[in-house]
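Remarks on the overall topology
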Amino acid sequence: MAASSAMQSILSSPLTRVTNRSSVNQFLVPTCFVPHMSRNATMPVRCMAGQNEQKGQEPNPRAPKVSTKFSDLFSFSGPAPERINGRLAMIGFVAALGVEFYTGQDVFAQIANGGIPWFLATSILLSSASLVPLLKGISAESKSDGVMTSDAEMWNGRFAMLGLVALAVTEYVKGGTLI
């Protein structure tokens, strides 16, 4: 139905004409059924450029607009949750391995022997430090450069989360320290 109305509009357009030639084109369709545009037909063309693209101005790719509302920062797809959890996981993974190597205690023993106040203090400090730039409207993507990009930080945080969980599960199954 839509195809027939589109074809009717093409055939009824003053810019097209149907020829009587009986030759066959490259698509094996007789050319008498294909609309032909005359060479002197004019076709209006409009520019669809945005406001920022006029007169050679390019938008600044280093300053994406970031919402500074607290609910937007901590939404499911917001910039704060995964970044803060990733940073905590990176510090936690390295600290857990370091304490395990130095004292010989597994992760669960570290938590039981005074690890909770250290975790809470680190969480509050790191969360506050991560939220200050976001509340000012500065995104991590705008500050990433070279090797230390925001994507690399996200992937390192994801791997640290997996590593911390794998360390705890391995020590639980093994019944002792990993190192």
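So, here's what we can say about the structure. Note that the structure is a prediction, hence the values are computed from the model and not measured.

**Regarding the environment of D72**
Topologically, D72 is positioned in helix α2 (residues 70-73). A relative accessible area of 31% places D72 in the partly exposed class. Residues in contact with D72, not counting those within four places in the same chain, are S67, G78 and P79.

**A look at the side chain of E100**
Among the secondary structure elements, E100 is positioned in helix α3 (residues 80-103). Buried charge without a salt bridge: E100, with K174 as the nearest opposite-charge side chain at an N-O distance of 7.3 Å. In this view, E100 contacts Q105, D106, Q110, L167, E171, T177, L178 and I179; residues no more than four positions away in its chain are not counted.

**Points about the environment of P79**
With respect to the helices and strands, the residue P79 is situated in the loop between α2 and α3. Exposure remark for P79: the relative accessible area of 33% places this residue in the partly exposed category. Considered as a pair, P79 and L131 are 52 residues apart in the sequence and their alpha carbons are 9.7 Å apart. In contact with P79, not counting residues within four places along its chain, are D72, L73 and L134.

**Comments concerning the packing of aromatic side chains**
Here the structure, examined in full by the defined rule, presents 2 aromatic pairs. Aromatic side chains F108 and Y172 sit 6.4 Å apart centroid to centroid with 75° between the ring planes, which places their arrangement in the edge-to-face category. Taken as a pair, F108 in helix α4 (residues 107-135) and Y172 in helix α6 (residues 150-174) lie far apart in primary sequence, 64 residues in all. Geometrically, the ring pair formed by W155 and F159 is tilted, given 5.9 Å between the ring centres and 35° between the ring planes. Of this pair, W155 and F159 both sit in helix α6, 4 residues apart, roughly one helical turn. Under the relative-accessibility criterion, W155 is labelled partly exposed at 47%. Over the ring of W155 we find R158; its NZ or CZ atom is 4.7 Å from the centre of that ring.

**Let's talk about α6**
Given a rise of 1.5 Å per residue, 25 residues ought to cover 36 Å, and the 35 Å separating the end C-alpha atoms of α6 matches this to within 8%. Every buried residue belonging to α6 is among S150, M154, G157, A160, G163, L167, A168 and E171, and all of these are buried. In this structure, the buried residues of α6 make contact with α3, α4 and α5 (140-143). Backbone geometry just downstream of α6 places G175 in the positive-phi region, at approximately 85°.

About the cut-offs
Residues numbered from 1 in each chain as written. Predicted model: local features only at pLDDT ≥ 70, side-chain atom pairs only at ≥ 80, totals over all residues. Heavy atoms only, no water. Helix = DSSP H or I, 4+ residues; strand = E, 2+ residues; numbered from the N terminus. Buried < 20%, exposed > 50% of the residue type's maximum accessible area, 1.4 Å probe, protein only. Contact = heavy atoms within 4.5 Å. Lys, Arg positive; Asp, Glu negative; His and termini not counted. Salt bridge = Lys/Arg side-chain N within 4 Å of Asp/Glu carboxyl O. Phe/Tyr/Trp six-rings, centres within 6.5 Å; stacked < 30°, edge-to-face > 60°. Lys NZ or Arg CZ within 6 Å of the ring centre and 35° of its normal. Expected span 1.5 Å × (residues − 1).

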